[in-house]
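Chain residues, written in single-letter form:
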Amino acid sequence: MTEITSAIVAEHGLSPEEYERIKGLLGRAPNLVELGVFSVMWSEHCSYKSTRAHLRKLPTKAPWVIQGPGENAGVIDIGDGDACIFKMESHNHPSFIEPYQGAATGVGGIMRDVFTMGARPIAMMNALRFGEPDHPKTRHLVAGVVSGIGGYGNCMGVPTVGGEVNFHRSYNGNILVNAMCVGLARTDKIFLSAAKGAGNPVVYFGSKTGRDGIHGATMASAEFDDASEEKRPTVQVGDPFAEKLLLEATLELMATDAIIAIQDMGAAGLTSSSAEMGDKGGSGIELNLDHVPQREANMTAYEMLLSESQERMLAVLKPGREAEAERIFKKWELDFAVIGVTTDTGRLVIKHKGQVQADMPITALSDAAPVYERPFTHRAPAKGEPAYDKSRPVLASLEKTLAAPDMASRRWIWEQYDNSVMNDTQQHPGGDAAVVRVHGTKKALAITTDVTPRYCRADPLEGGKQAVAEACRNLNAVGATPLAATDNLNFGNPQKPEIMGEVIAGIDGIGEACRALDFPIISGNCSLYNETNGEGIFPTPAVGGVGLLKDASKMATIAFKREGDVVILIGETHGHLGQSIYLREIEGREEGASPPVDLAAEKKHGDFVRSLIEAGRVDTCHDLSDGGLLVAIAEMALPKGIGASVGQASIPHAIPFWFGEDQGRYLIAAPFAEAEKIVAEARAAYIPVAELGKTGGNEIVIDDKARIGVAKLRAAHEGWFPDFMKAEL
Amino acid sequence: MKSAVIVFPASNCDRDAKVALEEMTGQTPHMVWHQETELPDVDLVIIPGGFSYGDYLRCGAMASQSPVMRAVRTHADKGGAVLGICNGFQVLTESHLLPGALMRNAGLKFVCKPVALTVEESQSAFTRGYENGQTVTFPIAHGEGNYVADDETLDRLEGEGRVVFRYQANPNGSARDIAGILSEKRNVLGLMPHPERVVDPATGGSDGRALFKSLIEALS
């Protein structure tokens, strides 16, 4: 037997203190198999050891929350016996090393998390961050990630309906690929992972186990360096056909009542799924690896336990139901095997070729995993009102801004995703939120993903708040009531006090906003160690929000629809240029304070706007975010080519007014009579409101003087991405 | 009109086809599993979009060898109507129920977007509800929709009025902008765009309704 040396411990990503702790828990030294199991279960990726203490502070409850964090995904009640199940998860490290497979398996993994709980996936979103456009790897990574997401999602027949993309040099060495899956189930048919009871068969189904992805979770818990390319063998390979079979077969099995508990095999594969099921059910699990369907010959216990081969599931069945389950998997031509049994010992016992290869108390793997209150320092938030050149012409800046890498149309990306399969997509990519009908009803779910990393870098607390506030705004803007969110916390190395400070402030900001906006976090994922050669990414706590439209026929979209509508601005405009797109793209500087978030105003303005849409009084609405007011007006003009003539009698400073990124604002457009009423109602409710002008023509006209054609803006907005990617081919 | 929808393991527009048929005919179609060797007594068979057996080989190549496709061929030989949409079109060319082949898109990428089509031929059971020259908008969603055939075949298709839909702005490199074609006996239609995704104005439009109405009129 291999002797466990300090070098082997270090190779497994465990500290000497952690190794001592393992010895204490076992009462002896672990063998190599056990060490491997501990290394993945105690990895940052699986144990959340740096963040767990802080994640507890997030609000996770509401009357409509059926299942909060801790299961494969969160569940909310959306009325009429329908449940919405969703989660967002990162696949950052593998996607940088092997973009197609990394992104594809990220999509597959998050889909499994959702259908494991009994839901049919109905929509996919993704939040992507790449390095600066000029970086030599960026195009290759964009092309690979996008085709990986499309390759997997398109085959699954689940529409990919939206997302967000940023480019920034802080991601040059660590791209972020966060995928979100939303599914639908019935509230009385939700499946959990607690393996309760002893003597029940543990069954394996799906694809065979191979040697791929061994130690993927450990890789995802470490920084990169120049040799990271050598980690390619730790990236898993996806097979969407197998996943499609697995989805249909799993849902078919779920239609019976044979399942006690079920869990997909994701990070750390068989190890993690069996330990988590035993842990949640308070039982033990004994596995005989001889029965595991294997793709390669002579696999060792160590390899089988740590393999991250994709498209596999583990379930505990009621005794005697194995044959019924096997019939279903045979129909779908998937492997099925009884590989173990639940016990009352509380231990995870692994047998292989007649020998006990591992025997560990399950609580040692889960509850006893270290929780670190890592030291932190809070960097002072960036401050100040940045200077700018007052003489720059506004409309030339608008044209340039609309073609900036972070602002240009993402059509090049989303045309590679099937966004209309399942025939329930009511709002396609390009709006504030995607809207997907609840099949067979008039209800619909609105879905968005948001975070503004440059704000988070300047001020992680306000940035965390802003991510949540913007997610709610995007939902309100289509007329959906924000219900709950999932978070994907992407940060650098938490062992650096300054990074840990960002993590804590980001979580605090998210928590504060979620409490104020009645928007609990019901699932999530942390991705730390996003660093290369000691350089960390901008803090990027992505928020995936879900809202409900009770009557989707009243949904609003961003497009101006009629000539002569009054353009109304809701919310206060101070002209905040700090950390704005304008400052970065036009002045070439990233500085100043990030915009402050007034959560009370967010709530009040959001409720006001949403009630107008729900009442069928407003069908045109857009939230104000990146780029500010004039960019939002242009984005509303682009879809149908209907322009607008806008202005304000007394603007002290034009540039901050048109391009400032003050929060809590919406634009709506409505016919004159309705608009007059809306303005009066807003004033009566002490909501800041301003009439900016009227829709019409095919130009954006400001102050009756300067004008620019919508077609010219469209060319700039649509042109950047295809031009940029041309060089890839 | 009685109808059936073929279900391969990775069909993924089977439900969309079923919902469209329910909406348009008021009747639920038979959903026929790929391992079946016989079809129920129906007027119309739809081969839906998706990835049939994963399509790691040429799209539709494995599906063309499936048990159910023998039954579909028998149905077609007897003059029964067959509608192949997207992957269904690929399966039909691989099965030689339609001439030509569907290659990788000229742009080498999957493309999903609404496209404008010209109805070239309203003299068919599938298109009698449209007018010649009419523009309709159906979405496409495919990576391999680039229709190719030799010039002789293309000339013949054109000459016999079997080119039914043509792209107004070619999205995939298809020869002569062809989006959909009829079989020689005009009872089999294959097309890459998705008419079943445009039967509901709330989700994309209603230009596909006339295709189903045409079939109901012709086959009932």
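Just so you know, the residues in each chain are numbered from 1, in the order the chain's sequence is written. Whichever chain is written first becomes A and whichever ligand is written first becomes 1, with later ones labelled in order. It should be noted that, the model being predicted, local features are given only for residues of pLDDT at least 70 and side-chain atom pairs only at 80 or more, the latter also being counted only at that level, while totals for whole chains, interfaces and linings use all residues.

**Q** Hey, could you go over the overall build of chain A for me, with residue numbers and the actual values?
**A** In this text, helices come from DSSP runs of H or I with a minimum length of four residues, and strands from runs of E with a minimum of two, each type numbered from the N-terminal end. Counting secondary structure elements, chain A contains 25 helices and 28 strands. As a reference, a globule follows 2.2 Å times the number of residues to the power 0.38, and the radius of gyration itself is taken over C-alpha atoms. For chain A, the C-alpha radius of gyration of 26 Å lies close to 27 Å, the compact-globule estimate for 729 residues. Seen through its C-alpha atoms, chain A measures out along the principal axes to roughly 85 × 50 × 50 Å. Here chain A holds 729 residues, and 61% of them are scored as buried. Working definition of a contact: two residues with C-beta atoms, positioned from the backbone, lying within 7 Å. Residue pairs at least 24 apart in sequence account for 85% of intrachain contacts in chain A once pairs closer than 6 positions are excluded. The burial label depends on the number of other C-beta atoms within 10 Å of a residue's C-beta. Counts of 20 or more mean buried, 12 or fewer mean exposed, and intermediate counts mean partly exposed, with C-beta atoms placed from the backbone.

**Q** Tell me what's going on with the overall build of chain B, and back it up with residues and numbers.
**A** Each helix and strand counted, chain B has five helices and eleven strands in total. Against the compact-globule benchmark of 17 Å for 220 residues, chain B has a radius of gyration of 15 Å, which places it among compact chains. Based on the C-alpha atoms only, the size of chain B along its principal axes is roughly 40 × 35 × 35 Å. Within chain B, buried positions represent 55% of all 220 residues. Sequence separation of 24 or more characterises 74% of the internal contacts of chain B that already satisfy a separation of 6 or more.

**Q** Just give me the short version of helix α19 (residues 497-516) of chain A, but keep the residues and values in it.
**A** Multiplying 1.5 Å by the residue count of a helix minus one yields the expected span of that helix. For α19(A), spanning 20 residues, the distance from its first C-alpha to its last is 28 Å, which sits close to the expected 28 Å at 1.5 Å a residue. Burial of α19(A) is extensive: 15 of the 20 residues sit out of reach of the surface.

**Q** Describe the pairing of strand β4 (residues 120-130) of chain A, naming the residues involved and giving the relevant values.
**A** For a regular strand, the rule is simple: side chains alternate between the two faces of the sheet. All names here are of chain A. Counted residue by residue, β4 has ten buried out of eleven residues, so it is predominantly covered. Pairing analysis gives nine bridges linking β4 to strand β6 (residues 176-186), with the strands arranged antiparallel. Its bridge partner lying in β6, Arg120 is registered against Leu184. In this scheme, strands are said to pair when DSSP sees at least two bridges between them. Looking at chain direction, β4 and strand β5 (residues 160-167) are connected through seven bridges and run parallel. Bridge pairing in β5 places Met125 opposite Gly162. Orienting the strands away from the viewer, one traces the path from the first strand over the helix to the second; a clockwise path indicates a right-handed crossover. Tracing the backbone out of β4, into helix α8 (residues 138-156) and back to the parallel element β5 gives a crossover that is right-handed.

**Q** For the interface of chain A and chain B, give the residues involved together with the corresponding values.
**A** Listed as interface residues are 24 residues of chain A and, on the opposing side, 22 residues of chain B. Mapped onto the side of chain A that touches chain B, the elements with two or more residues apiece are α8, α10 (240-254) and β14 (425-427) of chain A. A per-element tally of the side of chain A that touches chain B places α8(A) first, with four residues. All amino acids are sorted into three groups, where Ala, Val, Leu, Ile, Met, Phe, Trp, Tyr, Cys and Pro are nonpolar, Asp, Glu, Lys and Arg are charged, and the leftover types, Gly among them, are polar. Class assignment for the residues of the side of chain A that touches chain B results in nine nonpolar, ten polar and five charged.

**Q** Account for the sheet that holds strand β1 (residues 65-67) of chain A, naming residues and giving values.
**A** Strand pairing in a sheet relies on backbone hydrogen bonds. The paired strands run either parallel or antiparallel. All names here are of chain A. Spatially, the six strands line up as an open sheet ordered β1-β2-β3-β6-β4-β5, and their pairing is mixed. In this open sheet, the two strands that pair with only one neighbour each are β1 and β5. Recorded for the sheet is a direction-independent mean angle of 20° between the axes of neighbouring strands. Two elements, strand β2 (residues 74-77) and strand β3 (residues 82-90), share four bridges in a ladder whose sense is antiparallel. If you follow Gly74 over to β3, its bridge partner there is Phe86. Here, axes are lines fitted to C-alpha atoms. For helices the fit covers the stretch in contact, and angles between N-to-C directions go from 0 to 180 degrees.

**Q** If you had to explain helix α7 (residues 99-115) of chain A to someone new, which residues and values would you point to?
**A** For α7(A), with 17 residues, the first-to-last C-alpha span of 24 Å sits near the 24 Å given by 1.5 Å per residue. With 17 of 17 residues buried, α7(A) is to be regarded as a mostly interior element.

**Q** Describe in detail the environment of A:Ala62, supporting the description with residues and values.
**A** Residues and elements named next belong to chain A. With respect to the helices, strands and loops of the structure, Ala62 is situated in the loop between α5 (52-55) and β1. Distance in space between the C-alpha atoms of Ala62 and Phe519 is 8.2 Å, their sequence separation being 457 residues. Setting aside its immediate chain neighbours within four residues, Ala62 contacts Asp518 and Pro520.

**Q** I'd like to hear about the sheet that holds strand β9 (residues 163-167) of chain B, residue by residue, with values.
**A** Residue and element names in this part refer to chain B. Sheet architecture is open: nine strands sit in the order β2-β1-β3-β4-β11-β10-β9-β6-β7, paired in mixed fashion. Edge positions in the sheet fall to β2 (30-33) and β7 (135-142), since each has one partner strand and no second. Direction aside, neighbouring strands of the sheet carry axes that sit 25° apart on average. Examined bridge by bridge, strand β4 (residues 81-85) and strand β11 (residues 188-191) share four bridges and lie parallel to one another. Of the residues in β11, the one forming a bridge with Leu83 is Leu189.

**Q** Describe the nonpolar core, listing the residues and the values that go with them.
**A** When buried Ala, Val, Leu, Ile, Met, Phe, Trp, Tyr and Cys residues are joined through C-beta atoms within 7 Å, the set is termed a nonpolar core. Ranked by size, the top nonpolar core spans 301 residues in total, and within it A:Ala446, A:Ile447, A:Val468 and A:Ile633 carry the most contacts. The residues touching A:Val468, leaving out its near neighbours within four places in the chain, are A:Ala485, A:Ile510, A:Ala513, A:Cys514, A:Leu517, A:Phe519 and A:Val543.

**Q** Can you tell me about the environment of A:Gly697, naming the residues and giving the values?
**A** Residues and elements named next belong to chain A. With respect to the element layout, Gly697 can be found in the loop between β26 (689-695) and β27 (699-702). Each C-alpha atom, one on Gly697 and one on Ala637, is 9.9 Å from the other, the two residues being 60 residues apart in sequence. Gly697 has contacts with Gly643 and Ser645, leaving out every residue within four places of it along the chain.

**Q** Tell me about the pairing of β11(B), and name the residues and values.
**A** Residues and elements named next belong to chain B. In β11, alternate side chains face the same way, and those of Val188 and Gly190 on one face and Leu189 and Leu191 on the other are all buried. Sheet topology places strand β10 (residues 178-182) next to β11; three bridges connect them, and they run antiparallel. When the bridges of β11 are listed, Gly180 appears paired with Leu191. Linking β10 to β11, which pair antiparallel, is a turn of five residues; within it Arg186 sits at a positive phi near 65°.

**Q** Summarise the environment of B:Lys213; cite the residues concerned and give the values.
**A** Residue and element names in this part refer to chain B. Position of Lys213 among the secondary structure elements: in helix α5 (residues 209-219). With 209 residues separating them along the chain, Lys213 and Ala4 place their C-alpha atoms 16 Å apart. Contact partners of Lys213, with chain neighbours within four places excluded, come to Met24 and Gly129.

**Q** How would you summarise the packing of α8(A) against α10(A) if you had to cite specific residues and measurements?
**A** All names here are of chain A. It is the contact of α8 with α10, at a shortest axis distance of 9 Å, that shows an interaxial angle of 35°. Judged by the sense of rotation from one axis to the other, the crossing of α8 with α10 is right-handed. Residue-level contacts link Gly151, Tyr152, Cys155 and Met156 of α8 to Pro240, Phe241, Glu243 and Lys244 of α10. In a left-handed crossing the near helix is turned counterclockwise from the far helix by less than a right angle, and in a right-handed crossing that turn is clockwise.

**Q** Explain the confidence of the model for chain B to me, and be specific about the residues and the numbers.
**A** Per-residue confidence from the prediction method is given by pLDDT, with values spanning 0 to 100. Mean pLDDT over chain B: 97, with 100% of residues reaching 70 or higher. What the predictor reports for the complex is a pTM of 0.96 with an ipTM of 0.96.

**Q** Hey, could you go over unusual backbone geometry for me, with residue numbers and the actual values?
**A** Residue and element names in this part refer to chain A. One non-glycine residue, Tyr48, lies in positive phi territory at about 55°. Backbone geometry places Asp518, a non-glycine residue, at a positive phi of 60°. Accessibility expressed as a C-beta count within 10 Å gives 15 for Asp518, which makes it partly exposed.

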